[in-house]
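# Working through the structure, step by step
Each chain, written out:
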Amino acid sequence: MPDEFSTRSQQSRSIFLTFFPAAKVLIRANEKKRIHLYNRIFQHKLHQIQDLFEVQGVLEYPDLKTETYHPEKIYNGFVLIKKDKNL
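The model shown is predicted, which means the values in this text are computed figures rather than measured ones.

Quick notes on the rules
Residues numbered from 1 in each chain as written. Predicted model: local features only at pLDDT ≥ 70, side-chain atom pairs only at ≥ 80, totals over all residues. Heavy atoms only, no water. Helix = DSSP H or I, 4+ residues; strand = E, 2+ residues; numbered from the N terminus. Buried < 20%, exposed > 50% of the residue type's maximum accessible area, 1.4 Å probe, protein only. Contact = heavy atoms within 4.5 Å. Areas by Shrake-Rupley, 256 points an atom, 1.4 Å probe, with all protein chains shown as cover. Pairing = 2+ DSSP bridges. Axes fitted to C-alpha atoms, helices over the stretch in contact; angles between N-to-C directions. Phe/Tyr/Trp six-rings, centres within 6.5 Å; stacked < 30°, edge-to-face > 60°. Lys NZ or Arg CZ within 6 Å of the ring centre and 35° of its normal. Core = buried A, V, L, I, M, F, W, Y, C linked by side-chain atoms within 4.5 Å.

Moving on: the overall build of the protein. Counting secondary structure elements, the protein contains two helices and four strands. Counted from the first residue to the last, the protein has its helices and strands arranged as α-β-α-β-β-β. Counting every position in the protein, which comprises 87 residues, the buried fraction comes to 21%. For the protein, the share of sequence-separated contacts (at least 6 apart) that also reach a separation of at least 24 residues comes to 54%. Accessible surface, the protein as shown: approximately 7000 Å² in total, 55% of it carbon and sulfur.

Structure (structure tokens):
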């Protein structure tokens, strides 16, 4: 059974995506330790989000040069783009 926080968190994400379907979410960090943590999270959780989001890896920041996410690479950040359900 989900706890109250996870339920509210899911509701917040759902509301955000409903009102801002074209939003792009940038996730990045300045610390190498956190960058490696984010890369590991995406490597392990990609299968849970890939149906809803296109995941791009940030190669350069602040230019935001990106490419399609490849789990074997280490990225400086990530861009999440909600997929169109009509595709």
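Let us now look at unusual backbone geometry. The peptide bond linking Tyr61 to Pro62 adopts the cis configuration, its omega dihedral lying at 15°. Note that Pro62 resides in the loop between β2 (53–60) and β3 (65–68). A positive phi is found at Leu64, a non-glycine position, where the angle reads about 55°. Here Leu64 is to be found in the loop between β2 and β3. For Leu64, a relative accessible area of 39% puts it in the partly exposed group.

Overall, antiparallel pairing links the four strands, which are arranged β1-β4-β2-β3 in an open sheet. For this open sheet the edge positions go to β1 (24–28) and β3, each flanked by a neighbour on one side alone. On average, each strand axis in the sheet is inclined to that of its neighbour by 30°, with strand direction left out of account. Where helix α2 (residues 32–49) meets the sheet, its contacts fall on β1, β2 and β4 (77–82), and the angle it forms with β4 comes to roughly 20°.

Right, let's talk about the packing of aromatic side chains for a bit. Following the criterion strictly, the structure yields five aromatic pairs and no others. Above the ring of Tyr61, the side-chain terminus of Arg28 is found at 3.5 Å from the ring centroid.

Turning our attention to the nonpolar core. Grouped together as the largest cluster of nonpolar side chains are eight residues: Phe42, Leu46, Phe53, Val55, Tyr69, Tyr75, Phe78 and Leu80. Listed by contribution, the elements that provide at least two residues to this core are α2, β2 and β4. Once residues within four sequence positions are removed from consideration, Leu46 is found in contact with Val55, Tyr69 and Pro71.

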